[in-house]
Amino acid sequence: MIQIWCNDRLGRKIAVKCLPEDTISDFKKVLALQIGTPAQKIVLKKGYLVFKDHITLQDYEINDGTNLELYYA
């Protein structure tokens, strides 16, 4: 299990626990349950890179303690 931090740029930081083998889509579903927003409206970024739903966290080299930027579409 790894813990990833999501900053929504409105002052909230959300900690999400997941597995490195999970896809971005799986991660968004867990995050959506915690924040009460539909997973389809969540956009995850790091810098200018927008994460695609079908790729795993491991492939993006997202490790324990990584901070991601959370946007709403």
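- An unreviewed UniProt entry annotates the chain as Ubiquitin-like modifier HUB1 originating from Pichia kudriavzevii.

1. Let's talk about helix H1 (residues 24–35)
Moving on, step 1. Counted at 1.5 Å a residue, the expected span for H1 with its 12 residues is 16 Å, and the 16 Å between its end C-alpha atoms agrees.
Moving on, step 2. Buried residues of H1: Ile 24, Phe 27, Lys 28, Leu 31, Ala 32 and Ile 35, and no others. Buried residues of H1, viewed axially, fall in a sector of 140°; they line one side.
Moving on, step 3. Contacts from the buried residues of H1 go to strand E1 (2–7), strand E2 (13–18), strand E3 (42–46) and strand E5 (67–72).

2. Digging into the environment of Asp 22
Moving on, step 1. Within the fold, Asp 22 resides in the loop between E2 and H1.
Moving on, step 2. Along the backbone, Asp 22 and Asp 53 are 31 residues apart, and their C-alpha atoms lie at a distance of 10 Å.
Moving on, step 3. What Asp 22 contacts, discounting residues up to four positions off in sequence, is Thr 56 and Leu 57.
Moving on, step 4. Engagement of the side chain of Asp 22 in a polar contact is seen with the backbone nitrogen of Leu 19, the distance being 3.1 Å.

3. Re the side chain of Thr 56
Moving on, step 1. Summarising the element assignment, Thr 56 is placed in the loop between strand E4 (49–50) and E5.
Moving on, step 2. Residue classification places Thr 56 among the buried residues on the basis of a relative accessible area of 17%.
Moving on, step 3. Among the polar contacts listed, one links the side chain of Thr 56 to the side chain of Asp 59, at a separation of 3.0 Å.
Moving on, step 4. Excluding its chain neighbours within four sequence positions, the residues that come into contact with Thr 56 are Pro 20, Glu 21, Asp 22 and Thr 23.

4. Overview of the UniProt feature "domain: Ubiquitin-like" (unreviewed entry) in the chain
Moving on, step 1. Taken from the UniProt record, the annotation "domain: Ubiquitin-like" (unreviewed entry) applies to residues 2–73.
Moving on, step 2. Taken as a whole, residues 2–73 contains 17% helix and 35% strand, while its terminal C-alpha atoms sit 26 Å from one another.

The rules behind the values
- Residues numbered from 1 in each chain as written.
- Predicted model: local features only at pLDDT ≥ 70, side-chain atom pairs only at ≥ 80, totals over all residues.
- Heavy atoms only, no water.
- Helix = DSSP H or I, 4+ residues; strand = E, 2+ residues; numbered from the N terminus.
- Expected span 1.5 Å × (residues − 1).
- Buried < 20%, exposed > 50% of the residue type's maximum accessible area, 1.4 Å probe, protein only.
- Arc of directions from axis to C-beta.
- Contact = heavy atoms within 4.5 Å.
- Polar contact = N/O pair within 3.5 Å; in protein donor to acceptor, adjacent residues only side chain to side chain.
- UniProt positions renumbered as here; feature names shortened; annotations may be inferred.

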